[in-house]
Amino acid sequence: MIPYYGYAKQEKKPAGREPISAKLVANLIMTAGADRIVLATGAIWRRDGLGSSHAVPIAGLDSGMPIFTPDDVFTVDAFPHAVLIYDDDHDYLGSVLAEELARKGHRVTLMTPLAECSAWTAQKLERDRIVARLLELGVEMLPLAKLDAIEAGGVRFRAGLK
């Protein structure tokens, strides 16, 4: 097991004679003779909506609307045809889930409270490719939208920066 190295994501040289750190870390792991890598993120997926834009659970969790976690996307077969993904993570996970469900034939809306979907992937120069793929798959993206409540048959949200 190795600790998290933020620089291990670096795929391009920041300056002329600096190493590409991602390649350096990969070489270190291989040289050490590792035959497996275990990722220990400590993450657990919540069904109550607590996250960066919600300090308390989202209203209406008892509305009868099915609520799924990211783990469910890969283990549950009976997903509804129309799926809303509320991405309060802002990195790549929401877009990966949207892509997976769209490829399985679901109508997907990806909602985020930020100005763009998968916003943090811009730091890794991935956002443009991610958004292009989602558009190709017909995923509807709904930025600047904060989920307020889950209601029988739908959701209530606020649009804009408020």
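Residues numbered from 1 in each chain as written. Predicted model: local features only at pLDDT ≥ 70, side-chain atom pairs only at ≥ 80, totals over all residues. Heavy atoms only, no water.

So, on to the sheet that holds strand S1 (residues 82–86). Strands sit in the order S1-S2-S3 across an open sheet of three strands; the sheet is parallel. Every interior strand has two partners, whereas the edge strands, S1 and strand S3 (140–142), have only one. Within this sheet the neighbouring strands show an average axis-to-axis angle of 20°, counted without direction. With three bridges joining them, strand S2 (residues 107–111) and S3 adopt parallel strand pairing. (Pairing = 2+ DSSP bridges. Helix = DSSP H or I, 4+ residues; strand = E, 2+ residues; numbered from the N terminus. Axes fitted to C-alpha atoms, helices over the stretch in contact; angles between N-to-C directions.)

Across six bridges, the pairing between strand S4 (residues 145–151) and strand S5 (residues 154–159) is antiparallel. Bridging across to S5, Ala 145 finds its partner in Ala 159. Hairpin connection from S4 to S5: two residues lie between these consecutive antiparallel strands, with Gly 153 at a positive phi of about 85°.

This part takes up the pattern of salt bridges. For the coordinates displayed, the defined rule picks out nine salt bridges. The closest approach of N and O atoms between Asp 128 and Arg 127, which form a salt bridge, is 3.8 Å. The network of salt bridges with common partners includes Glu 99, Arg 103 and Arg 133. (Salt bridge = Lys/Arg side-chain N within 4 Å of Asp/Glu carboxyl O.)

Another aspect to go through is helix H3 (residues 93–103). Across the 11 residues of H3, eight count as buried, placing the element largely inside the fold. Considered for burial, the residues of H3 that qualify are Leu 93, Gly 94, Ser 95, Leu 97, Ala 98, Glu 99, Leu 101 and Ala 102. Check the buried side of H3 and you find it contacts helix H2 (70–73), S1, S2 and helix H4 (127–136). Looking at the residues trailing H3, positive phi occurs at Gly 105, about 95°. (Buried < 20%, exposed > 50% of the residue type's maximum accessible area, 1.4 Å probe, protein only. Contact = heavy atoms within 4.5 Å.)

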